[in-house]
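# Descriptive structure summary
One-letter residues, chain by chain:
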Amino acid sequence: MSSKVMVSTHLNGQEVTFLCEPRQTLLEVLREELGLTGSKEGCGNGNCGACNVLLDGVLVNSCLVLAVETDGRTVTTIEGLTPPDRLLPLQQKFLEHAALQCGVCTPGFIVSAQALLEQNPQPTEGEVRRWLAGNLCRCTGYDKIVRAVLDTAQSLAGDPAQDSAKEVGR
Amino acid sequence: MRAVGSSIPRVDAVDKVTGLAPYPGDIDLPGQAWMKIVFAGVPHARITRLDVSRAQAAPGVIAVFTAADVPVNEYGLIMPDQPVLCGPGSTPQAQIVRWEGDHVALVVAETQAQAEAAAKLVAMEYEELPVVTDPFQALEPDAPLLHPEEFPFPYGQRDRRSNLLLAYRLRRGDVEAAFAQADVIVEAEYRTQAAEHAYLQPEAGLAYVREDGRIEVIVAGQWMHEDRAQIAHALGLPEEQIVVRYPAIGGAFGGREDMSVQIVLALAAWKTGRPVKTVWSREESIIGHHKRHPFVIKAKWGATREGKIVAAQMDVTSDAGAYAYTSTKVLGNATLMCLGPYEIPNVHVDARTVYTNNCPSGAFRGFGAPQGHFAAEGQVNKLAAALGMDPVEIRRRNALREGSILATGSVVPAGCTALDVLEEAARRAAESPPEPPVTLRTSLDASRRRVAQGRGLALSFKNVGFSLGFPEHCHAWVEIHGEAEMERAVVGCVGADVGQGAHTVFAQFAADALGLPVEKVELRVEDTDVTGSSGSSSASRMTFMAGNAILGAAQRALQAWEDEERPARAEFVFHPRPTTPYDPQTGASDPNITYGYCAQVADVEVDLETGHVLVKRLISVNDVGKAVNPQQVEGQIEGAVAQSVGWTLLENFVQENGRAVTQRLSTYLIPGVADVVEEIVPVILELPDPQGPLGARGMAEMPFIPTAPAIAAALHDAIGVWFDELPITPERVWQALRERQP
Ligand code: FES
Ligand code: FES
């Protein structure tokens, strides 16, 4: 068994130091060592997006990132994105639109869609679909997920004129 | 506002959007050990020696278990034809590996990495046996035999010298005489492929011995009391000794109907005295659980010039794979559903399911009905084309209606709405003519891109609840708390919420019956101790069965409340009307409690250069009787259609010589948000089922069923070619386009 490495990461707003083996993925460390089980392992090789987190603000599959790579960097998981005592507007819209069934894909979709809205607050439907192409859902057929994301964008903009812009984008 | 009929958010939604909902793999127990299950890795062999000494000596290893450690080394949902662990030291039949996913050893260690490392040290010595992977070859007299051994077989006599697992037949009227009178006859052979559930949460679980000495198994399944029964059987313990608990379940679709990690977890925890956890990788999940049955259906149907279907002759073969799982039940459904929702006076069906060395086949959304309808609806669409008749019109003339006689000789249960969904689909389709092709969809020069468009229709029916004499029932209790006023209620009903929203529906039924807000209803849904069996979350039965059970319990609890009992508590076991098994000679029976009906219209666009098929719009009209939660019902329709479009155009579980080739989600492709369907239009009809709770019918499988034949018909409309084999990949379309050229 290889020797362990000390890693310090800015995780969900806190400085966290942990020991891990060089072969361990970020996903494994989050789930098994740090007790953050909101990120799911749907495939373990970059195909499903259920493990998605933000690394220095960039969306990554945490199953494809080695934990040692996060040394000195910033990691945000679903647990860190969720405010302590309420839901994000995006999470609220997932509830309202019934954009989840079994829910295993849901944290990954929330992390991914939140990343999209941060860099592109008014995406078109096509942009949403392309951005979410790396997230698999076997239950919903995706439509309600896409609606939830678009509705979040619209309500954050608070501008009804945005509607027609989106329809053209479609 | 009444609770039933309102689109309240799921009761588990907050936990799921925040990532807090615990799935089995997310749970840890103090002092837990990890288990790695060693798969056989060969499709057919006799294990002569299993050397676990090096694994036992590896760092961190607590124990290694083999066949000799299993008290009763057999299991199975319908019949116990599968060893829990294959290898020497128990029964002669357990020495044989019949499938690469058979389990041979369990390695329990302090950490996951240690269990995995030690598992590689288990040395298996074996003699290879000849492999048979084609069901027709498996029926040849000299084929290698999968199950020459004896085991309790619930269908009378089984011929142990054959790989035939079970055959059914339906006989009505005189097909030969009817073909002689028919004005048009169409014949075709339909083939469907094995398919993977690909629920997003792979199998995982934990087991431990509780302080009261009972073994608790925490796992994701579809029917906790059946899991408990199978665990108890294999461990040789009374059922009361076992508790099965379901936390959040990450999808199922039939794929968790059979055992995966349940028995072996219980065994390891019981033998070591430690809490034991196991988590399968995606590859283990794909190799290690059953698939949708591949079917070959040879069809010959005849009709008169007026479009009256006079005869249907079907020869149906399904590949059961290495063990029975639910193959006999799926065959039972397919035997009837291959005739579609039509009244046909002359019928001759021969259907069989056959053991091979492939991955076992079993339950998957639709349970034989999608394969059966792919053939039936293909035949009806071909008859319509041959007669130059509108596909809606031919169905109008033949569809089941109140009082129709099924091929089993029994009357279709009251509340038959095949014509209603058909007419609504026709109306919706007429309202929305296909859109003109979009000019620029690829990087190719738009002017050079050639597409063809087409529209197709299909109609379907599917039973609600278990069929053919199964003793269906569902337990529930309701407890009302308060003094002068009702304050809150507690509902006990342990039907699995596999993601479909069953628990939300339970709360809605109880709130509705008691006149309480849904927030005042507390659910007890967690384990086998809460109440008796609720039955399986399958066969589109949970809303129907649990709804009736909860309404019955609520009514009785209200009576107790009137009688001043505090808390007022009542239990109720719902028994639907009984069904009967097929007569072995004629198939005569009253096969099903009731049915749900669905019609779909598909608009497709075919790229004539690449063969790529795009489903532009899919209208799905579903009679759900009563939409308990309309938004969740829509979600079921959209999810089913997306899955079915995947099955129709994309998905293919490939096996070579008994080995899984498509072991990952990079090779076994399922639809993503950017592929396959542009627009799904869910249409909900609420025509009450007289037996349903507040009229509700089962609905979650139904929208899967007509999608494939509707798309096949749309492709015929577009390019004039019938596709009778799934999946209809771009390669197959491209090939057909080339062959079509003069
Ligand atoms: S688990 Fe990381 S992409 Fe699937
Ligand atoms: S809700 Fe089940 S995978 Fe998306």
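Residues numbered from 1 in each chain as written. Chains lettered and ligands numbered in written order. Predicted model: local features only at pLDDT ≥ 70, side-chain atom pairs only at ≥ 80, totals over all residues.

## Let's talk about the overall build of chain A
Stated precisely, the cut-off is as follows: Where helices and strands are cited, they refer to DSSP runs of H or I of at least four residues and of E of at least two residues respectively, numbered from the N terminus. Atoms counted for the radius of gyration: C-alpha only. Globule rule: 2.2 Å times the number of residues to the power 0.38. With C-beta atoms placed from the backbone, a residue is labelled by how many other C-beta atoms lie within 10 Å of its own: buried for 20 or more, exposed for 12 or fewer, partly exposed between the two. A residue pair is marked as a contact if its C-beta atoms, positioned from the backbone, fall within 7 Å.
For chain A, the helix and strand inventory stands at seven helices and five strands. Counted from the first residue to the last, chain A has its helices and strands arranged as β-β-α-β-β-β-α-α-α-α-α-α. Taking 15 Å as the expected radius of gyration for a compact globule of 170 residues, we find that chain A reaches 17 Å, a close match to that expectation. Summarising its shape, the C-alpha atoms of chain A cover approximately 60 × 30 × 25 Å along the three principal directions. Taking all 170 residues of chain A together, the buried fraction comes to 52%. The long-range share in chain A, meaning contacts at least 24 apart out of those at least 6 apart in sequence, stands at 59%.

## Considerations on the overall build of chain B
From N to C terminus, chain B includes 17 helices and 27 strands. The C-alpha atoms of chain B give a radius of gyration of 26 Å, which matches the 27 Å a tight globule of 742 residues would have. Considered along the principal axes of its C-alpha atoms, chain B spans approximately 75 × 75 × 60 Å. For chain B, the residues scored as buried account for 61% of the 742 residues in total. For chain B, long-range pairs separated by at least 24 residues make up 80% of all intrachain contacts whose partners lie at least 6 apart in sequence.

## Structural notes on the domain arrangement of chain A
Residues and elements named next belong to chain A. Applicable threshold: For each domain, the first and last residues come from an automatic or database assignment.
For chain A, the assigned domains are domain 1 (5-80) and domain 2 (89-169). The partner domain 2 presents eleven residues to the 13 residues of domain 1 that form the contact. For the side of domain 1 that touches domain 2, the element with the most residues is strand 3 (residues 52-55), which contributes three residues.

## Section: the nonpolar core
All names here are of chain B. Selection rule: Note on terminology: a nonpolar core is a set of buried residues of type Ala, Val, Leu, Ile, Met, Phe, Trp, Tyr or Cys, with members joined through C-beta atoms within 7 Å.
If you look at the biggest cluster of nonpolar residues, it comprises 303 residues, and the most contacted ones within it are Val107, Val478, Ala510 and Ile550. Tallying contributions element by element places helix 14 (residues 542-562) first for this core, with eleven residues. For Ala510, the contacting residues outside a window of four places in its chain are Val478, Ala489, Val491, Val521, Ile550 and Ala554.

## As for unusual backbone geometry
Peptide bonds are, in most cases, trans, and in most cases residues other than glycine have a negative phi. All names here are of chain B. The omega torsion of the bond from Arg566 to Pro567 falls at -15°, within 30 degrees of zero and hence cis. By the secondary structure assignment, Pro567 is in the loop between helix 14 and strand 22 (568-574). Going from Leu726 to Pro727, the amide bond is cis rather than trans, its omega being -5°. Along the chain, the position of Pro727 falls in the loop between helix 16 (707-719) and helix 17 (730-740). One non-glycine residue, Glu564, lies in positive phi territory at about 70°. Relative to the elements of secondary structure, Glu564 occurs in the loop between helix 14 and strand 22.

## Side note on the pairing of strand 21 (residues 521-524) of chain B
Residues and elements named next belong to chain B. Stated precisely, the cut-off is as follows: Pairing between strands requires that DSSP locate at least two bridges from one strand to the other. Viewed with both strands pointing away, a crossover whose connecting path from the first strand over the helix to the second turns clockwise is right-handed.
The two faces of strand 21 differ: Val521 and Leu523 on one face are buried, but Glu522 and Arg524 on the other face are not. Of the pairings in the sheet, the one linking strand 20 (residues 486-492) to strand 21 comprises four bridges and is parallel in character. Paired with Gly492 across the strands is Arg524, a residue of strand 21. Of the crossover connections in this fold, the one passing from strand 20 over helix 13 (residues 502-514) to the parallel strand 21 is right-handed.

## A few points about the sheet that holds strand 10 (residues 215-219) of chain B
Residues and elements named next belong to chain B. Just so we agree on the cut-off: Axis lines are fitted through C-alpha atoms, for helices just across the contact stretch, and the angle between N-to-C directions can take any value from 0 to 180 degrees.
Taken in spatial order, the seven strands of this open sheet run 3-5-1-12-9-10-11, and their pairing is mixed. What marks the edges here is a single partner per strand, and that holds for strand 3 (61-65) and strand 11 (242-245). The average angle at which neighbouring strand axes cross in this sheet is 20°, direction not considered. Strand direction decides the pairing type here: strand 9 (residues 204-209) and strand 10, joined by five bridges, are antiparallel. By the bridge assignment for strand 10, Val209 is matched with Ile215.

## Topic: the packing of helix 10 (residues 369-387) of chain B against helix 16 of chain B
Geometrically, a packed helix pair is captured by the angle between its two axes and the distance between the axes. Residue and element names in this part refer to chain B. Note the following rule: Handedness of a crossing is defined here by the sense of rotation of the near helix relative to the far one, left-handed for an anticlockwise turn of less than a right angle and right-handed for a clockwise turn.
In contact at an axis separation of 8 Å, helix 10 and helix 16 are set at 35° when each is read in the N-to-C sense. The chirality of how helix 10 crosses helix 16 is right-handed. Across the interface between the two elements, Pro370, His373, Phe374, Glu377, Gly378 and Asn381 from helix 10 touch Ala708, Pro709, Ala712 and Ala713 from helix 16.

## Thoughts on the packing of helix 13 of chain B against helix 14 of chain B
All names here are of chain B. Under the convention used in this document: The scheme is simple: roughly parallel for angles under 35 degrees, roughly antiparallel for over 145, roughly perpendicular for 65 to 115, oblique for anything else. Gly falls in the polar group here, along with every residue not listed as nonpolar (Ala, Val, Leu, Ile, Met, Phe, Trp, Tyr, Cys, Pro) or charged (Asp, Glu, Lys, Arg).
Closest axis-to-axis distance for the helix 13/helix 14 pair is 9 Å, and the angle between their directions is 30°. In terms of orientation, helix 13 lies roughly parallel with respect to helix 14. Considering how the two elements wind past one another, helix 13 and helix 14 form a crossing that is right-handed. Two secondary-structure elements touch here, helix 13 through Ala502, Val505, Phe506, Phe509, Ala510, Ala513 and Leu514 and helix 14 through Met542, Thr543, Ala546, Gly547, Ile550, Leu551, Ala554, Gln555 and Leu558. Here the residues of the contact of helix 13 with helix 14 are counted per class, giving 13 nonpolar, three polar and no charged.

## So, the interface of chain A and chain B
Between chain A and chain B, the residue contacts involve 41 residues of the former and 40 residues of the latter. Mapped by element, the contributors of at least two residues to the side of chain A that touches chain B are helix 2 (78-81), helix 3 (89-96), helix 4 (106-119), helix 5 (125-131) and helix 6 (143-157) of chain A. Element by element, the count of residues in the side of chain A that touches chain B is highest for helix 3 of chain A, at four residues. Its residues assigned to classes, the side of chain A that touches chain B shows 20 nonpolar, 13 polar and eight charged.

## A closer look at the domain arrangement of chain B
In terms of domain boundaries, chain B breaks down into domain 1 (31-129) and domain 2 (426-462 + 594-740). Spacing between the C-alpha centres of domain 1 of chain B and domain 2 of chain B amounts to 42 Å.

## Looking at the environment of Glu216 of chain B
Residue and element names in this part refer to chain B. Inspection of the secondary structure assignment puts Glu216 in strand 10. Its 22 C-beta neighbours within 10 Å are what place Glu216 among the buried residues. Between the C-alpha atom of Glu216 and that of Gln262, which follows or precedes it by 46 residues, the distance is 10 Å. Discounting residues that sit within four places of it in the chain, Glu216 has contacts with Ala207, Tyr208, Arg210, Val243 and Arg245.

## Side note on helix 9 (residues 327-337) of chain B
Burial analysis of helix 9 of chain B places eleven of its eleven residues in the buried class, which makes it a mostly covered element. Ser327, Thr328, Lys329, Val330, Leu331, Gly332, Asn333, Ala334, Thr335, Leu336 and Met337 of chain B are the residues of helix 9 of chain B that are buried.

## Some words on the sheet that holds strand 21 of chain B
Residues and elements named next belong to chain B. Read from one edge to the other, the open sheet built from four strands follows the order 21-20-19-22, with strand pairing classed as mixed. Since the sheet does not close on itself, it has two edges, and those belong to strand 21 and strand 22, each with one partner. Taken pair by pair, the neighbouring strands of this sheet meet at an average axis angle of 20°, ignoring direction. Strands in contact with helix 14 are strand 19 (474-482), strand 20 and strand 22; relative to strand 22, the strand with the most contacts, it is inclined by about 150°.

## Brief notes about the pairing of strand 11 of chain B
Residue and element names in this part refer to chain B. Residue alternation in strand 11 divides its side chains into two sets, Ile242 and Val244 and Val243 and Arg245, and both sets are buried. Looking at chain direction, strand 10 and strand 11 are connected through four bridges and run parallel. Bridge pairing links Val217 to Val244 in strand 11. The parallel pair strand 10 and strand 11 is bridged by helix 6 (residues 224-235), and the resulting crossover is right-handed.

## Structural notes on helix 6 of chain A
Given 3.6 residues per turn, any residue in an α-helix points the same way as the ones three and four places further on. All names here are of chain A. Threshold: Each helix should span, by expectation, one fewer than its residue count multiplied by 1.5 Å.
Taking 1.5 Å as the rise per residue, helix 6 with 15 residues should run 21 Å; its terminal C-alpha atoms sit 21 Å apart, in good agreement. Within helix 6, the full set of buried residues consists of Asp143, Lys144, Ile145, Ala148, Val149, Leu150, Thr152 and Ala153. Positive backbone phi, approximately 60°, marks Gly158, located one or two places after helix 6.

## With respect to the confidence of the model for chain A
Worth spelling out the cut-off: A residue's pLDDT is the predictor's confidence in that residue, given on a scale from 0 to 100.
With 92% of its residues at a pLDDT of 70 or more, chain A shows a mean pLDDT of 93. Here residues 161-170 of chain A scores under 50 on pLDDT; set against residues more than four positions off or in separate chains, the count is 13 contacts.

## Thoughts on the environment of Ser404 of chain B
All names here are of chain B. Topologically, Ser404 is positioned in the loop between helix 11 (391-396) and helix 12 (418-431). By C-beta crowding, Ser404 is classed as partly exposed, having 16 other C-beta atoms within 10 Å. Spatially, the C-alpha atoms of Ser404 and Cys416 are 8.9 Å apart, while their sequence positions differ by twelve residues. Look past the residues within four positions of Ser404 in its chain and what remains in contact with it is Glu343, Val412 and Cys416.

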